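Examination of the molecular architecture
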Amino acid sequence: MSESSSNILEAWSEVKALVEAAEIDVVKNAGGNSAAGVRARRALRILKNKSADLVKLTISEEKS
């Protein structure tokens, strides 16, 4: 496996871990826990940025 594909897979693993971590707080927020809602929104903003980074990484790897 090349270094570029390992970088992509590493970034994907990070995104998946963020989704799994955010899921707990989303479920708690759905149950009425407002503090979990704050944590969930923070995690979703981080997830958005990490997802954008992954997209940029895959595009740059395809071009090279």
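Everything below is about the structure shown above.
Residues numbered from 1 in each chain as written. Predicted model: local features only at pLDDT ≥ 70, side-chain atom pairs only at ≥ 80, totals over all residues. Heavy atoms only, no water.

**Some remarks on the overall build of the chain**
Spelled out, the test is: Note on conventions: DSSP H or I runs of at least 4 residues are helices, E runs of at least 2 residues are strands, and numbering of each starts at the N terminus. Burial classes: relative accessible area under 20% of the type maximum marks a residue as buried, over 50% as exposed, and values in between as partly exposed (1.4 Å probe, protein chains only). The protein chains shown are the only cover counted for residues, whose accessible areas, like all others here, come from Shrake-Rupley with a 1.4 Å probe.
On a plain count of helices and strands, the chain comes out with two helices and zero strands. With respect to the principal axes defined by its C-alpha atoms, the chain has extents near 50 × 20 × 10 Å. In the chain, which comprises 64 residues, the proportion classed as buried is 16%. Working note: accessible area of the chain is about 4700 Å², and carbon and sulfur atoms make up 58% of it.

**Comments concerning helix α2 (residues 34-63)**
To keep things clear, this is the line we draw: Expected span of a helix, by definition, is 1.5 Å for each gap between consecutive residues, and there is one gap fewer than residues. Should any heavy atoms of two residues lie within 4.5 Å, those residues are considered in contact.
Given a rise of 1.5 Å per residue, 30 residues ought to cover 44 Å, and the 44 Å separating the end C-alpha atoms of α2 matches this to within 8%. For α2, the set of buried residues is A36, G37, A40, A43, L47 and L54. Summarising the contacts, the buried residues of α2 are in contact with α1 (3-30).

**Some points on the side chain of D25**
The residue D25 is located in helix α1 in this model. With residues near it in sequence (within four places) discarded, D25 still touches A36, R39 and A40.

**Digging into the pattern of salt bridges**
Note the cut-off: By definition, a salt bridge exists where a carboxyl oxygen of Asp or Glu is found within 4 Å of a side-chain nitrogen of Lys or Arg.
All told, the structure shown has two salt bridges when counted by the stated rule. We note a salt bridge from E14 to K50, for which the minimum N-O separation is 3.0 Å. Here the residue E14 occupies a position in helix α1, and K50 occupies one in helix α2, the gap between them amounting to 36 residues. According to the relative accessible area criterion, K50 is partly exposed, its value standing at 31%.

**Description of α1**
Each α-helix winds once per 3.6 residues, and so residues spaced three or four apart point in a common direction. For α1, built from 28 residues, the straight-helix expectation of 40 Å at 1.5 Å per residue is met to within 8% by its first-to-last C-alpha distance of 40 Å. Where α1 is concerned, the buried positions are A11, V15, A22 and D25. Where α1 ends, the next residue or the one after it, G32, has phi of about 110°, a positive value.

**Some details on the environment of K63**
In this fold, K63 is placed in helix α2. Expressed as a C-alpha distance, the spacing of K63 and E14, which sit 49 residues apart in the sequence, is 23 Å.

Treat this as a map of the structure, not an account of what it does.
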